[in-house]
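Given next are the chains, with one letter for each unit.
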Amino acid sequence: MVDSSTPELVSILINSYNYGRFLRDAIESALAQTYRRCEVIVVDDGSTDDSRQIIESYGDRIIPILQANGGQASAFNAGFDRSQGGIICFLDADDTFAPRKAEQLVDLFAAQLERQPKEPLGWCFHPIARVDSELKPIAWDESNWGREGTYDLRSRLQKGKLGKATPFDCLVTSGMCFTRAMLSQLLPMPTEIKITSDDYLKYAALGTCPGYMLMQKLACQRLHGNNAYTGQDKKQALQGKILLQTAYFLKRDFPTIGAFADNLYALGWAKLSRHRLEEPALDQLLQAYAETLSPLTALKVNARKAYYRYRAR
């Protein structure tokens, strides 16, 4: 068995649900890494298409996890629990990695550890290239992207706002990498967050330790008709639900960034109030969150709710 503390082993965790038509591209991109000390773990979250047959066709080249449908957070937890690498990379099954991604990450974390051994970086996030279902490039505005380097955003999240502090705004699953020590503080995560679970991870990471923003597009994100969230403009209720869930569990699990969670809660409430979902569990969550607020904080959050509703007109 490989020592789980060995930083040179990179674990690539692919989470998949009914993405059989894309899955082979994702697996092949993981197996094609120029850095050879990679393990590829594929978590199938109860697919009903041909995903499991595709996974089986790779034999022992990958590590398969076949589970009943539990959502993205459940897949994250299962993949990490099985992994052994000191560096963990997430890959959505409809996305692909650039060939040198793992190699560049290993070099980056090693160099940064040598420079600042007393407080090693816990994460590395990078932007992605957007492509269509055939992996053909989709142009989008990159003119306002910022600088590459080390970022410590803990104080900003503790004060409640992230703003434009990150150098790009496409922090998505396939562009998120963590050290094992860092990710061990974040996982297992709440399985109630079925999709867009990466929001919980990235905000928790930003609020926990410094990391590195690598301004290279080391992954391709497919935009297609079945994306659960990305590019869908008419899913305000779903967006609101996810924001509320993320806010609730961030505040519960990482109270130091409670002020930031309050702002997410206010934004989620504003979105959901315009497109109501009839879900008793969500109503209970709203009530539970409201009970965490002091009278003064409740006033601030209510003012933020009103602001977000007015801005959405």
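Per chain, the residues get numbers from 1 upward, laid out in the order the sequence is written. Only residues with pLDDT of 70 or above have their local features reported here, since the model is predicted, and side-chain atom pairs are shown and tallied only from 80 upward, although totals for entire chains, interfaces and linings are computed over all residues. Heavy atoms from the whole structure form the basis of all side-chain values; hydrogens and water molecules are not counted.

Asker: It is not clear to me how the pattern of salt bridges should be interpreted in this structure. Could you clarify?
Answerer: Two side chains bearing opposite charge may form a pair once their charged atoms approach each other closely. A pair is scored as a salt bridge if a Lys or Arg side-chain nitrogen falls within 4 Å of a carboxyl oxygen belonging to Asp or Glu. Using the criterion set out here, one finds 10 salt bridges in the structure. In this structure, the salt-bridge partner of Arg52 is Asp44, at a minimum N-O distance of 2.7 Å. Exposed residues in this analysis have more than 50% of their type's maximum accessible area, buried residues have under 20%, and partly exposed residues fall in between, with area computed by a 1.4 Å probe over protein chains only. Overall, Asp44 belongs to the buried group, its relative accessible area being 0%. Lys217 is the salt-bridge partner of Glu142, the closest N and O atoms lying 2.9 Å from each other. Placement of Glu142 in the loop between strand S7 (129–131) and strand S8 (149–151) and of Lys217 in the loop between strand S10 (211–213) and strand S11 (219–222) is noted, with a sequence separation of 75 residues between them. A relative accessible area of 31% means that Glu142 is categorised as partly exposed. Since its relative accessible area comes to 40%, Lys217 is described here as partly exposed. Through salt bridges that share partners, Glu119, Asp152 and Arg154 make up one connected network. Each helix is a run of H or I in the DSSP string that is no shorter than four residues. Each strand is a run of E no shorter than two, and both are numbered from the N terminus.

Asker: What's the story with helix H10 (residues 280–290) in this structure? I'm lost.
Answerer: Note: α-helices contain 3.6 residues per turn, so residues at a spacing of three or four share the same orientation. Taken residue by residue, H10 has Leu282, Leu285, Leu286 and Tyr289 as its buried positions. Around the axis of H10, the buried residues are gathered within 100° of arc, so they sit on the same side. Turned more than 90 degrees away from the buried face of H10 sit Pro280 and Gln284, all of them exposed. If you follow the buried residues of H10, they end up packed against helix H8 (236–253) and helix H9 (258–274). Each C-beta atom gives one direction from the helix axis, and the arc is the one those directions make. The criterion used for residue contact is that any of the two residues' heavy atoms lie within 4.5 Å.

Asker: Hey, could you run me through the packing of H9 against helix H11 (residues 295–311) in this one?
Answerer: The packing of two helices is summarised by the inter-axis angle and the distance between the axes. Look at H9 against H11: their axes get within 8 Å of each other, and the N-to-C directions meet at 45°. Here H11 runs oblique to H9, going by the angle between their axes. Crossing hand, H9 versus H11: right-handed. Here Asp262, Asn263, Tyr265, Ala266, Leu267, Trp269, Ala270, Ser273 and Arg274 of H9 come into contact with H11, specifically with Thr297, Val301, Arg304, Lys305, Tyr308, Arg309 and Arg311. Each residue receives one of three labels: charged for Asp, Glu, Lys and Arg, nonpolar for Ala, Val, Leu, Ile, Met, Phe, Trp, Tyr, Cys and Pro, and polar for the others, Gly being one of them. For the contact of H9 with H11, the per-class residue count stands at 7 nonpolar, 3 polar and 6 charged. Angles shown run from 0 to 180 degrees and are taken between the N-to-C directions of axes, each axis being a line fitted to C-alpha atoms and, for helices, limited to the stretch in contact. We call two directions roughly parallel when the angle between them is under 35 degrees, roughly antiparallel when it is over 145, roughly perpendicular when it lies between 65 and 115, and oblique otherwise. Helix crossings get a hand from a simple test, with the near helix turned counterclockwise from the far one by less than a right angle marking a left-handed crossing and a clockwise turn marking a right-handed one.

Asker: Please explain the side chain of Thr246 as it appears in this structure.
Answerer: By secondary structure assignment, the location of Thr246 is in helix H8. Reaching out from Thr246, the side chain makes a polar contact with the backbone oxygen of Ile242 at a distance of 2.8 Å. If we ignore the near neighbours within four places in the chain, the residues touching Thr246 are Ile193, Asp199, Tyr200, Tyr203 and Leu264. Under the rule applied, a polar contact is a pair of N or O atoms within 3.5 Å (in protein, one hydrogen donor and one hydrogen acceptor; residues adjacent in sequence only if both atoms are side-chain atoms).

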